[in-house]
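So you can see what is in the structure, the chains are spelled out below.
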Amino acid sequence: GVKNIFHILFFVLAVSAINAAPSFEVGLSTGRHVPVALVGAFRLDAFVFQLEGMGIKQETNDFWMTYRGTLAYRFFDELPFSLDAGVSCGHLYAKAPNKRNQAFNQANNTHSLWNFNHKEYIDISLALSANLFGFKVTTLYPVFKPINSSSTNLLWNIAYIVEL
């Protein structure tokens, strides 16, 4: 099953690493659910391991944070245009004040409504990316969502990445 797929993937990565020189990529991305994130990638031959994440805290209960990791195989690497296909896993958590609920609770001298909105999204997705001169457009299709979230069935992001 899944364990065998990871064993095969590890074996192929280890064999390709014998003659490959590593390279690194950095950049910025934006997309669905995430206003902005820092991107870092490690490339070994045609395999790409990419991490992206960021968070902003404005007050104690007003913040968001996200991180995502992707393992992909790059096709057509010798051309200016390339495609990445792989597996991605990510987590988003956001919490913000709900002024309407706070006003209702204050007016009625009660705590019957939550004072804050929160959103949490965790997924394991199939990832497909198109790269052209540093611009990268990624589409993610969630295949497993451990937290029951019906907010989206398709994720996307756009990034600008520079190879170091």
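This text goes with the structure placed above it.
Treat the numbers as computed from the prediction; the structure is a model and nothing was measured.

**Q** Give me the layout of surface pockets: which residues, what numbers.
**A** Size it by volume and the largest pocket reaches roughly 370 Å³. Residue lining of the largest pocket: 19 residues in total, with Phe 6, Leu 9, Leu 71, Gly 86 and Val 87 positioned closest to the centre. At the level of elements, helix H1 (2–16), strand E4 (62–75), strand E5 (81–97), strand E6 (116–132) and strand E7 (135–144) are the ones that each hand at least two residues to the lining of the largest pocket. Looking at which element gives the most residues to the lining of the largest pocket, the answer is E5, with five residues. When grouped by side-chain class, the residues that make up the lining of the largest pocket number 15 nonpolar, four polar and no charged. In this structure, the second largest pocket spans a volume of roughly 230 Å³. Surrounding the second largest pocket, 15 residues form its lining, Glu 25, Arg 74, Asn 131, Gly 134 and Glu 163 being those nearest its centre. Going through the elements one at a time, E6 and strand E8 (155–163) are the ones with two or more residues in the lining of the second largest pocket. The element that contributes the greatest number of residues to the lining of the second largest pocket is E8, accounting for three residues. Of the residues contributing to the lining of the second largest pocket, the split by class is six nonpolar, three polar and six charged.

**Q** I'd like a rundown of empty space enclosed by the protein, residues and numbers included.
**A** Left-over empty space is what a probe sized like a water molecule reveals as it rolls over the atoms. Overall, the coordinates contain two cavities of 30 Å³ or more when judged by the stated rule. Roughly 200 Å³ of volume is contained in the largest cavity. Around the largest cavity sit 21 residues that line it, and Arg 32, Val 34, Thr 66, Arg 68 and Leu 140 are the ones nearest its centre. The set of elements that each furnish at least two residues to the lining of the largest cavity consists of strand E1 (22–31), strand E2 (34–44), strand E3 (47–59), E4, E5, E6 and E8. Partitioning the lining of the largest cavity into residue classes produces eight nonpolar, nine polar and four charged. Of the pockets and cavities examined, the second largest cavity occupies roughly 100 Å³. Together, 13 residues line the second largest cavity, and Gln 50, Thr 70, Ser 129, Lys 136 and Thr 138 are the ones closest to its centre. Listing elements by their share of the lining of the second largest cavity, those giving two or more residues are E3, E4, E5, E6 and E7. When its residues are assigned to classes, the lining of the second largest cavity shows three nonpolar, six polar and four charged.

The rules behind each value
- Residues numbered from 1 in each chain as written.
- Predicted model: local features only at pLDDT ≥ 70, side-chain atom pairs only at ≥ 80, totals over all residues.
- Heavy atoms only, no water.
- 1 Å grid on protein atoms, 1.4 Å probe; cavity = no way out; pocket = protein on both sides within 12 Å on 5 of 7 lines; lining within 4 Å.
- Points joined across faces, edges and corners; volume = space filled by probe spheres on them.
- Helix = DSSP H or I, 4+ residues; strand = E, 2+ residues; numbered from the N terminus.
- Nonpolar A, V, L, I, M, F, W, Y, C, P; charged D, E, K, R; others polar.

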